[in-house]
Amino acid sequence: MLRHVTAGIDGSPESLAAAHWAAREATRRGAALCLVHAWEWHPRPAATVPADMSERAVAEDLPERVADSMRAAHPGLQVIGQALADSPVSALLKAAEQAELLVLGSRGLSGVAGFLMGSVSQRVVARAPRPVVLVRVGGSTADEHFSAPDGISPDEIPGIPYRDLVLGLDTDRPCDELIEFAFDAAERRGSTLRVINTFSRPPDFAAADRIVPVSSPELRAEQEHAVAAALRPWCEKFPEITVTESITEGRAAEELISASAGAALLVVGRRIRESRLGTHLGPVAHAALHHAPCPVAVVPHS
């Protein structure tokens, strides 16, 4: 089967931003780009459907037009366009099963409002069997790289070093899938990998007739040991990657969002679990997807 990165498209600016990011990622991976457009038949076609065309014809035209645009913008990249007669969530989840990575778009908002992630994206991210990257509208190749010198041409931007990658690591549940994804992404870009770990100081506890305070330095030392242990085999597997570790007392979401400013990619995990309400995103991944200013990769793990 042909290795590929998949982007969900619907003709919106955010989906086109996702397609361009996916094209660059496919190039980094030496893989093809697959563009998936989901459509559903309606008894009464929308007013946007021309009278001389069927809904199917209109739906199949979109991925072909976007594919042509991607081929022109990314010479040498193999691009496949697909129109699937299915609901968007179902179509994207099926497409994700066959892809190395699924890329979706998000509409940007101003100020503290963060970013708008549609209901389709939320459900897909929460249920996809493969990593999903959410890309902000308005992003470009230049945003992935450090600032270019004045006078440099757009063609020269890919030669500028990539910005750092940020990994949110929970030492209570370290997982190989998450860590490997981050190291692999950093290797493909030649980026520094910044690992962010946070901890909370538990309440003081009673011993005999006195209150024994919990020492933050001791907790920090324990966390540093746990982080080093979790990363050690991956640092050995990827010896060329520069890794920095930031271990702080605080809230994980706040630290990750702050660290992601100026990053090329933020990588967070999502535990594969079912609840009475179905699959869902954890609070850290949810906050990152809504507020991190850079693209966010959500990696499912057990």
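This section reports on the structure supplied with the text. (Residues numbered from 1 in each chain as written. Predicted model: local features only at pLDDT ≥ 70, side-chain atom pairs only at ≥ 80, totals over all residues. Heavy atoms only, no water.)

### Regarding the environment of Q78
Within the secondary structure, Q78 sits in the loop between α2 (55-73) and β3 (79-85). Taking the C-alpha atoms as reference points, Q78 and H4, separated by 74 residues in sequence, lie 9.2 Å from one another. Residues within four places of Q78 in sequence aside, it is in contact with L2, A32 and L33. (Helix = DSSP H or I, 4+ residues; strand = E, 2+ residues; numbered from the N terminus. Contact = heavy atoms within 4.5 Å.)

### Focus: the side chain of E144
Tracing the chain through its elements places E144 in the loop between β6 (132-136) and β7 (165-168). Its relative accessible area of 4% is what places E144 among the buried residues. At 3.4 Å, the side chain of E144 forms a polar contact with the side chain of R28. Residues within four places of E144 in sequence aside, it is in contact with W21, R24, R28, Y162, R163 and A264. (Buried < 20%, exposed > 50% of the residue type's maximum accessible area, 1.4 Å probe, protein only. Polar contact = N/O pair within 3.5 Å; in protein donor to acceptor, adjacent residues only side chain to side chain.)

### Structural notes on the pattern of salt bridges
Opposite charge on two side chains allows them to pair when their charged atoms are near. Here the structure, examined in full by the defined rule, presents 14 salt bridges. With a shortest N-O distance of 2.7 Å, R29 and E25 are connected by a salt bridge. You can see R29 and its partner E25 sitting in helix α1 (residues 13-29), 4 residues apart, about one turn around the helix. Judged by relative accessible area, R29 falls into the buried class, the value being 12%. With a closest N to O distance of 3.1 Å, D86 and K94 form a salt bridge. On the accessibility criterion, K94 (48% relative accessible area) is partly exposed. Here the salt bridges share partners, and the residues they tie into one network are R3, R24, E25, R28, R29, E100, E144 and R189. (Salt bridge = Lys/Arg side-chain N within 4 Å of Asp/Glu carboxyl O.)

Honestly, it's all geometry; don't read function into it.
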